[in-house]
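As a plain string of letters, each chain reads:
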Amino acid sequence: MTLRTMVACAATAFMTIPVTAPVAHAESAPSSFTNSATTASGRTPSGVRVTVRKTPIGTTQVASAESLPASPSAPDDEYLVPDNAKTTAGFIDLYEHFATEPRAWSDVATLTFTFSRPVRDPHLHIFGTGGSSGDSEDRDDYWPAIELVSGTPAKPTFSQVAGFPGYRTTTTSIEPEWMFSAESTTCGVVYTCGTVKVNGTVSAFTIKLKAHDARQGSGGATPQLWAAFKLSLTEDGSDAPDSYGAASHAITDSLLGQAVSADHTDAVSMTPRALATDTDGDDAVTVAQARIVTDGRTCALKIPVRAGSPSDVTGWIDFDHDGRFDPAERATVQVAKSATTAKLSWTIPQPLRTGATWMRLRLTARAKAAVSPTGWADSGEVEDHRIQLVRQGAGARL
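Cut-offs applied
Residues numbered from 1 in each chain as written. Predicted model: local features only at pLDDT ≥ 70, side-chain atom pairs only at ≥ 80, totals over all residues. Heavy atoms only, no water. Helix = DSSP H or I, 4+ residues; strand = E, 2+ residues; numbered from the N terminus. Buried < 20%, exposed > 50% of the residue type's maximum accessible area, 1.4 Å probe, protein only. Polar contact = N/O pair within 3.5 Å; in protein donor to acceptor, adjacent residues only side chain to side chain. Contact = heavy atoms within 4.5 Å. Salt bridge = Lys/Arg side-chain N within 4 Å of Asp/Glu carboxyl O. Pairing = 2+ DSSP bridges. 1 Å grid on protein atoms, 1.4 Å probe; cavity = no way out; pocket = protein on both sides within 12 Å on 5 of 7 lines; lining within 4 Å. Points joined across faces, edges and corners; volume = space filled by probe spheres on them. Nonpolar A, V, L, I, M, F, W, Y, C, P; charged D, E, K, R; others polar. Phe/Tyr/Trp six-rings, centres within 6.5 Å; stacked < 30°, edge-to-face > 60°. Lys NZ or Arg CZ within 6 Å of the ring centre and 35° of its normal.

A. Spatial organisation of the side chain of Thr-234. The residue Thr-234 is located in the loop between strand 16 (224–232) and strand 17 (235–237) in this model. With a relative accessible area of 11%, Thr-234 lands in the buried category. In this structure the side chain of Thr-234 is engaged in a polar contact, spanning 2.8 Å, whose partner is the backbone oxygen of Arg-120. When residues no more than four places from it in sequence are discounted, the contact partners of Thr-234 are Arg-120, Asp-121, His-249, Ala-250, Ile-251 and Ala-262.

B. Highlighting the environment of Ser-311. Residue position: Ser-311 is located in strand 22 (residues 311–317). Look at Ser-311 and you get buried, because its relative accessible area is 0%. Distance from Ser-311 to Ser-379, taken between C-alpha atoms, is 9.2 Å for residues 68 residues apart in sequence. What Ser-311 contacts, discounting residues up to four positions off in sequence, is Ser-254, Val-333, Gln-334, Val-335, Leu-363, Thr-364, Ala-365 and Arg-366. A polar contact is formed between the side chain of Ser-311 and the backbone oxygen of Ser-309, at a distance of 2.8 Å.

C. Layout of the pattern of salt bridges. By the definition in use, this model includes 14 salt bridges. Across the pair Asp-107 and Lys-208 runs a salt bridge, and its minimum N-O distance is 3.7 Å. Here Lys-208 lies in strand 15 (residues 201–216) and Asp-107 lies in strand 7 (residues 105–120), a separation of 101 residues in the sequence. The salt bridge involving Asp-141 is made with Arg-139; its shortest N-O contact spans 2.8 Å. Exposure class is identical for Asp-141 and Arg-139. Each is buried.

D. Fine view of the pairing of strand 9 (residues 139–152). Two elements, strand 8 (residues 123–134) and strand 9, share four bridges in a ladder whose sense is antiparallel. Bridging across to strand 9, Gly-134 finds its partner in Arg-139. If you look at the hairpin formed by strand 8 and strand 9, you'll find four residues sitting between the two strands. Judged from the 13 bridges that link them, strand 9 and strand 15 form a sheet pairing that is antiparallel. Of the residues in strand 15, the one forming a bridge with Trp-143 is His-212. Across two bridges, the pairing between strand 9 and strand 12 (residues 173–176) is antiparallel. Its bridge partner being in strand 12, Ile-146 is matched across the sheet by Ile-174.

E. Region of interest: unusual backbone geometry. Residue Pro-82 is bonded to the preceding Val-81 through a cis peptide linkage, with omega at -5 degrees. As for its position among the elements, Pro-82 is in the loop between strand 5 (61–68) and strand 6 (90–96). In this structure, Pro-153 follows Thr-152 across a cis peptide bond, with omega equal to 10 degrees. For Pro-153, the location among the structural elements is in the loop between strand 9 and strand 10 (157–163). With phi around 50 degrees, Asp-121 is a residue other than glycine that occupies positive phi space. One can find Asp-121 in the loop between strand 7 and strand 8. At His-321, a position not held by glycine, the phi torsion is positive, near 60 degrees.

F. Quick look at empty space enclosed by the protein. Under the defined criterion, the tally for this structure stands at one cavity of 30 Å³ or more. One number sums up the size of the largest cavity: a volume of about 50 Å³. The wall of the largest cavity is formed by Ser-31, Phe-33, Arg-43, Thr-44, Pro-45, Val-50, Thr-88, Ala-89 and Leu-231. The class makeup of the residues in the lining of the largest cavity is five nonpolar, three polar and one charged.

G. Expanded view of the packing of aromatic side chains. Counted according to the given criterion, the structure contains 11 aromatic pairs. Taken together, a centroid distance of 5.1 Å and an interplanar angle of 65 degrees make the contact between Trp-143 and Phe-180 edge-to-face. Of this pair, Trp-143 sits in strand 9 while Phe-180 sits in the loop between strand 12 and strand 13 (186–187); the two residues are 37 residues apart in sequence, bridging distant segments of the chain. Looking at Phe-180, the relative accessible area reads 27%, which means it is partly exposed. Taking 4.4 Å as the distance between ring centres and 35 degrees as the angle between the ring planes, the aromatic pair formed by Tyr-244 and Phe-325 counts as tilted. Pair noted here: Tyr-244 is in the loop between strand 17 and strand 18 (247–250) and Phe-325 is in the loop between strand 22 and strand 23 (330–335), with a separation of 81 residues, a long-range link. Here the aromatic cluster, defined as three or more aromatic residues joined through ring pairs, consists of Phe-33, Phe-91, Phe-113, Phe-115, Phe-205 and Phe-229. Over the aromatic face of Trp-105 sits the side chain of Lys-210, whose NZ or CZ is 5.9 Å from the ring centroid.

Here is the structure:
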């Protein structure tokens with residue numbers, strides 16, 4: 001960030017106050033799924049949890065339910081964005097015995113994805129979804145379609161991010177461009193593979209799986225449809241120098257300032273990561289929006305926020321210029337849902353060292369209160385600011 005914020009601090013006697021121990025956040029959070037015929041449950045690297053409820057339609061049965069473990073060495077996939085999306089965990093199901101008619105559509109099942117936090121623009125990675133039953137002369141190919149049924153708090157929309165050869169994506173569905181009797185199956189021929197963005201901030205959304213029976217000869221024995229899914233979430237990262245450590249947040253319904261942009265859209269990661277130093281464009285602390293004041297004992301900063309959920313705002317100022325954020329350099333405040341401002345107050349170390357230093361701000365959902373300066377957070381936003389510490393009366397105004 002190119003902005004240089006002026007922080008006005010008075011040189012007064014140092015006061016000690018109790019410092020609440022920050023909640024530890026693992027530098028490498030697990031990504032995993034468990035799966036059964038009725039429910040798949042998973043965790044993203046940021047700590048957001050997702051539950052997938054499966055509701056078979058009519059005579060449909062879940063014949064197989066497998067977990068897909070996280071695999072950091074998984075090869076890139078040309079149909080997915082990020083193209084390393086298969087490194088994350090997911091699940092795959094086999095649906096059988098759904099009602100079919102040759103050359104007609106059948107409803108197979110609905111899947112409801114529910115998140116532990118409202119998440120913005122989740123990416124749904126779909127691969128190997130489709131089915132075939134029988135042999136080369138007598139078989140049924142089941143071309144899939146995915147319909148976006150509903151969402152919470154409101155129905156979102158689809159937009160294509162990558163892949164889906166042979167399929168078209170609309171705001172409410174993914175469906176074949178046209179269907180035919182195929183000699184062999186692959187991505188784009190019967191099976192569909194690609195990434196779709198679920199536009200909006202949602203705590204849940206529901207999709208319906210459908211299958212179109214393209215029969216050859218007398219057909220196969222048992223209707224079958226495989227469905228494989230993985231998820232990745234939009235992420236916001238820190239941009240202070242490396243010595244301060246990396247902080248990453250899943251972007252949710254609460255943020256610093258008025259907007260937050262997604263970072264690291266080119267790859268998913270199992271570990272928190274930072275941007276290049278001083279390159280983040282998000283800026284809650286500006287000349288127009290914030291002013292640092294002092295009451296003679298503390299430095300105070302009013303920060304604009306958008307709290308979609310009750311949240312904690314925590315900040316660190318590197319007062320001693322040692323290139324790290326220490327527990328004694330931390331301030332935190334709770335804000336209610338719908339809050340628009342948060343005020344942080346820091347004690348003033350003595351002697352006050354003036355000059356350029358760094359400040360980190362983190363907003364998180366309240367249940368995760370008082371995060372450490374580094375690591376994952378399952379909500380909110382992180383912002384780093386290069387600031388100037390000045391004594392009161394020596395350019396204190398911004």
